[in-house]
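Chain residues, written in single-letter form:
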Amino acid sequence: TITSLGNTSATVEYLVIGGGGAGATGGQAGGGGAGGYRTATGLVVEETNYVITVGAGGVGDDNKGNSGENSVFHSITSAGGGGSGNSASYPVSPSDATGLAGGSGGGSGRLGGTGDLPGGAGNTPSTSPSQGNAGGNTGSHSSPYSGSGGGGSGAVGATGGASVGNGGAGTDSSITGTSVPYAGGGGGGVQAVYGSSGTASHGGGAGHTSSPVSGTANTGGGGGGRGQPAPEGGSPNIGGSGGKGVVIIRYRFQA
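All figures in this text were calculated on a predicted structure; none of them were measured in a lab.

What counts and how
- Residues numbered from 1 in each chain as written.
- Predicted model: local features only at pLDDT ≥ 70, side-chain atom pairs only at ≥ 80, totals over all residues.
- Heavy atoms only, no water.
- Helix = DSSP H or I, 4+ residues; strand = E, 2+ residues; numbered from the N terminus.
- Rg over C-alpha atoms; globule rule 2.2 N^0.38 Å.
- Buried < 20%, exposed > 50% of the residue type's maximum accessible area, 1.4 Å probe, protein only.
- Contact = heavy atoms within 4.5 Å.
- Areas by Shrake-Rupley, 256 points an atom, 1.4 Å probe, with all protein chains shown as cover.
- Phe/Tyr/Trp six-rings, centres within 6.5 Å; stacked < 30°, edge-to-face > 60°.
- Pairing = 2+ DSSP bridges.
- Axes fitted to C-alpha atoms, helices over the stretch in contact; angles between N-to-C directions.

**Student:** Quick question: what am I supposed to make of the overall build of the protein here?
**Tutor:** Broken down by element type, the protein carries 0 helices and 9 strands. Listed N to C, the secondary structure of the protein is β-β-β-β-β-β-β-β-β in terms of helices and strands. Taking 255 residues into account, the globule formula puts the C-alpha radius of gyration at 18 Å, and the protein, at 18 Å, falls close to it. Projected onto its principal axes, the C-alpha positions of the protein cover 65 × 25 × 25 Å. Across the 255 residues of the protein, 52% fall into the buried class. Summarising the internal contacts of the protein: among those between residues at least 6 apart in sequence, 55% fall at separations of at least 24. Carbon and sulfur atoms make up 50% of the accessible area of the protein, which amounts to about 10000 Å² in all.

Shown next, in the form of structure tokens:
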């Protein structure tokens, strides 16, 4: 609620971040995409009430990760991050291994026995400046057979397959007066016998063989993808959930 505009300026600075996408479950699942990241100064406001929506993070599932929800302030909408793809065996369900589009896209899971699969598109729907980046693609079908990283506001998720799928980096913001990391993508999962799962930063959750890390609340970070414990078949733990988004408004107060 804005009751007075003061005597100098009718503008505010804002940071609006959507809820992060969840990581998927599977032997080598992708990481969830970060929520869309939108910030600027000079947004004109009026003496009125504004409805503010803070997007929830996507919930981890036993299949593909669920996408996050949108965050909204004024005319600004930041899209939820895309859920990630799980690992699947060709030709049964390649669509299940494909990451979903969002503010930043979810990483693709490993699809056994075939070539590349795309990560989810970022900056969806399109904004200028861009609100995020794409999730990583699956790469070659060779060790460590990693799921791909989810996209972050600052970088595309890393390609999985023969390389570990780390989550895309997010962005630091000092709108609160202190530098805080936001909107990092989740790391992809790797089967335990092949090594460590993908890492993450800026509020994204790391992948893990049995207990993927969820995105950090109020950062819009993507959830980590689940790998496969050793011996194969172990824990049924699901992918990490996405972190809740955030809306921050900064203004100059003058009586």
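Next comes the rest of the account.
**Student:** Looking at this model, I keep getting lost on the packing of aromatic side chains. Mind explaining?
**Tutor:** Remark: the centre distance and the inter-plane angle together describe each pair of aromatic rings, the angle taken between the planes. Summed over the entire model, instances satisfying the criterion amount to 2 aromatic pairs. On the basis of an interplanar angle of 65° and a centroid distance of 5.8 Å, the ring pair of Tyr-50 and Phe-73 is categorised as edge-to-face. Pair noted here: Tyr-50 is in the loop between strand 2 (37–44) and strand 3 (71–73) and Phe-73 is in strand 3, with a separation of 23 residues, a long-range link. The exposure class assigned to Tyr-50 is partly exposed, which follows from its relative accessible area of 22%. Arranged with centres 4.9 Å apart and planes meeting at 65°, the rings of Tyr-145 and Tyr-194 form a pair that is edge-to-face. Highlighted residues: Tyr-145 in the loop between strand 6 (111–112) and strand 7 (171–173) and Tyr-194 in the loop between strand 8 (180–182) and strand 9 (246–250), separated in sequence by 49 residues. What makes Tyr-194 partly exposed here is its relative accessible area of 37%.

**Student:** Could you clarify how one ought to interpret the sheet that holds strand 9 in this entry?
**Tutor:** To summarise the sheet geometry, strands pair through backbone hydrogen bonds and adopt either a parallel or an antiparallel arrangement. Pairing within the open sheet is antiparallel, and its 3 strands lie in the order 2-1-9. Each of the sheet's edge strands pairs with one partner strand only, and the pair in question is strand 2 and strand 9. When the angles between neighbouring strand axes are averaged without regard to direction, this sheet yields 15°. Where strand 1 (residues 11–17) meets strand 9, 5 bridges bridge the pair, whose relative direction is antiparallel. Residue pairing across strands places Glu-13 opposite Arg-250, the latter belonging to strand 9.

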